[in-house]
Amino acid sequence: MRADPIQRAIDEDLVRVLYAQDPIAFFSHWFSIAVLVAIYWPNIPSPHLFIACFGFYAAANCGSLALWICNRRYPQLVSPRGWIYLHALRGVLLYSAPGLAVWFAFQSPHSDLPLLHTVLLVTLAAGVFMSNGFDLLNFSTAIPFLLFPSIVLHFGTHTFDRTILAVVLAFFFCAINVYALSYRKLFQRVVQARVDQQYLAESLAAQKRVAEEASLAKTRFFAAASHDLRQPLHAIGLLAASLNDPATTASQHAKTAEHIVYNVEALNQLFNQVLDLARLESGVTQVIRLHFRLSELFERIGSQYRPQAAAKGLALRIAPTSVVVHDDPVLLERVLSNLVSNAVRYTEDGAIWLGFRRSGRLSGGFVEVRDSGIGIPGAEQQRIFEEFYQVANPQRDARQGHGLGLPTVKRLVTMLGGELSLRSAPGRGSVFRFPVQEGDASGIVTSLSESVTSGPSAQGQRVLCIDDEPSILEGLASLLGRWGCEVRGARDEGGALAVLQSGFVPDAVLCDYQLANHRTGAQALTAVRNMLARAGHEGVVTLLITGDMASTELAALALQGIPVLHKPVTPARLRRTLDMLWQQAELDKGRAVVGREGREGLAGGGRRAEPGDTSHDAAGEPQSESQN
Ligand code: ADP
């Protein structure tokens, strides 16, 4: 049997067509009863049996009409399949009487009675083919009753012409079965096409609804974003104009400048939050899972938010845990920062708890951020995950946030493969929780509390920079030079290959994404990598830098694990990323050696290489990060 919805649709159509013919069949059977009684009338054989047989036939015909009425009046009484079974049962009862009654003809001295009766049976069989042929059950429960007794009895006469008649009847039986088979297939194809069309129409309608909702959400997003971006801009404009007023004193100037700086910072923060969200949406953010101690991440969050909590008289409590998790520490830190800063913001007294809970079913457990704050009403618990939605900030005061934290958190948790859940009641605080995967202590490569710059130093590293903008090349060369790197610059792919041909073997290649002549950084990096690989230099660190956010190619690069940094790139981010990439490359080299030795049976104990570990989350760092 087929998948449920299609089979059900076929059944419903079958019920409709099977029962549609029944009133006509009712009159045809009365006609058949009348004809049979008329031909037997002058000399009815075995009268009692005859009356019983034809009484049964008439009753079955009335029962058939009653079934039709029931189906019309109470279609929900049984399932479509149930109606089909009932119709087949009606067929058995209705067609067995005329089929078996042919026996009376063979009891009669009139030799033409069997022929007359057989002609009537063939007519009834043709009717069954037309009205029930598209359902195997209804067809196969009626036709044998109509034709088999006749075939057998004609054969039993052992006369030549009756034997021929029996053969013809048998042939007729086979032929209508074959025709019924193609009839059924045709019927199923028609129903299938109708159902497919209906599904298509429904799914198109659903897609249209989704597209309309998305467009509405986008409109709301832009309306709120432009409002929130305009506010500080407007304030900056007014404040800047007041600076030109000759009547203002020096102290007023200083105050105005302070306000301008405050508004610029607010603008910058909002801009970065919007960019963060856009980057998550565009799918270029990479998830890099590492094994690390959750307590170290909790401590980082604790040291960041304890002063804010203490300033409000709140306690920030961190439950001790020794669990090692396998997750992306950078993304997880962004999730926790948002949740804990909200908890501090929306709690006036009491405490905030940050902790890990084991789960019975999952390997791992849940991270929970709990507060004793104002809580969130049930009706708002869905909406707070919409962009720019805030429960109680109708004036859209920028100091009370912008409503972008939770949408970002929700997307991040989904990216990490979990689901964010919320329990909250007004006045009774809130609990946000999400799952984390359990890790392996032997897989820990670096402590989160260690500074990344304690990895391989930039001093003496050779870096090849590719950018079609000379001022950027100059800036990069001077910055990397200050870090002690040996730098070569190239304006395009050809220039980069020429640098390699001159014998320069880089430890890292930094490349802009959009190059001149419609070439991309990805193409340039591939060419550089290939040339280095041919010369036997595998595993050189490569890094793309781009201002592009929505390119599908960038999303594909992110999926392949090619590190991407988004402009504007601060020196601190570039340094941190390069250090981490070099550190990762060192580890990979070490692992390759251990792997080789392991294969040769000399040593074991190296960390298992895992898919996410070989790439680095350059793009996973928050846009808003200003130092590190
Ligand atoms: P923001 O905090 O910047 O306004 P969020 O997206 O982080 O934006 O939160 C959206 C809204 O959800 C907030 O305006 C606030 O009303 C509500 N909210 C978030 N976290 C909490 C919390 N811990 N307690 C009470 N309300 C909260």
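Structure's up top.
Keep in mind the model is a prediction, meaning the values are calculated, not measured.

Engineer: Explain the site of the ligand to me, please; I cannot follow it from the model alone.
Structural biologist: Neighbouring residues of the ligand: 22 residues in total, closest Asn342, Arg345, Asp371, Gln390 and Leu406. Residue asparagine 342 places a side-chain N or O atom 2.7 Å away from an oxygen atom belonging to the ligand. At 3.2 Å from an oxygen atom of the ligand is found a main-chain nitrogen or oxygen belonging to valine 391. In isolation the ligand offers 530 Å² of accessible surface; the protein chains occlude 97% of this area. The residue inventory of the shell around the ligand, partitioned by class, reads eleven nonpolar, nine polar and two charged.

Engineer: Which parts of the structure should I look at to understand helix H13 (residues 470-482)?
Structural biologist: Residues spaced three or four apart along an α-helix face the same direction, because each turn holds 3.6 residues. Over its 13 residues, H13 runs 18 Å from end to end, which matches the ideal 18 Å to within 8%, given 1.5 Å per residue. One or two residues past the end of H13 sits glycine 484, with phi positive at roughly 95 degrees.

Engineer: Explain the nonpolar core here, please?
Structural biologist: Note that soluble globular proteins tend to have their nonpolar side chains buried in a common cluster. The biggest cluster of nonpolar side chains holds 41 residues, and the ones touching the most others in it are Leu294, Leu336, Leu339, Val367 and Phe434. Those elements that provide at least two residues to this core are strand S1 (290-293), helix H10 (294-311), helix H11 (329-345), strand S4 (351-358), strand S5 (364-371), helix H12 (405-415) and strand S7 (430-437). Ranked by residues supplied to this core, first place goes to H11 with eight residues. With near-sequence residues (within four places) excluded, valine 367 lies in contact with Leu294, Phe298, Leu336, Leu354, Gly355, Phe356, Phe432, Arg433, Phe434 and Val436. In terms of nonpolar packing, the next biggest core, distinct from the first, is built from 34 residues, Tyr57, Leu113, Phe139 and Leu146 among them.

Engineer: When you look at unusual backbone geometry in this model, what are you seeing that I'm missing?
Structural biologist: Trans is the prevailing form of peptide bonds, just as negative phi is the prevailing case for residues other than glycine. At serine 46, a residue that is not glycine, the phi angle is positive and equals roughly 40 degrees. Along the polypeptide, serine 46 turns up in the loop between helix H2 (22-40) and helix H3 (47-73). What makes serine 46 partly exposed here is its relative accessible area of 33%.

Conventions we followed
- Numbering of residues begins from 1 in every chain and follows the order in which that chain's sequence is written.
- The predicted nature of this model means local features are confined to residues of pLDDT at least 70 and side-chain atom pairs, given and counted, to a pLDDT of 80 or more, with totals for whole chains, interfaces and linings taken over all residues.
- Remark: hydrogens and water are excluded; side-chain values derive from all non-hydrogen atoms of the structure.
- Only heavy atoms are used to decide nearness, and a residue is near a molecule or strand if one of them lies within 4 Å of it.
- Counted as a polar contact is a pair of N or O atoms within 3.5 Å, where, for protein atoms, one must be capable of donating a hydrogen and the other of accepting one, and residues adjacent in sequence contribute only when both atoms are in side chains.
- All accessible-area figures derive from a Shrake-Rupley calculation using a 1.4 Å probe, and residue coverage is judged against the displayed protein chains alone.
- Basically, the charged four are Asp, Glu, Lys and Arg, the nonpolar ten are Ala, Val, Leu, Ile, Met, Phe, Trp, Tyr, Cys and Pro, and anything else, Gly included, counts as polar.
- Secondary structure counts use DSSP, requiring at least four H or I residues in a row for a helix and at least two E residues in a row for a strand, with both numbered from the N terminus.
- By definition here, a helix of n residues has an expected span of 1.5 Å times n minus one.
- Think of a nonpolar core as a cluster: buried Ala, Val, Leu, Ile, Met, Phe, Trp, Tyr and Cys residues, connected wherever their side-chain atoms sit within 4.5 Å.
- Three exposure classes are used, based on accessible area relative to the maximum for each residue type with a 1.4 Å probe and protein chains only: buried under 20%, partly exposed in between, and exposed over 50%.
- By definition in these notes, contact holds between two residues if any of their heavy atoms fall within 4.5 Å.

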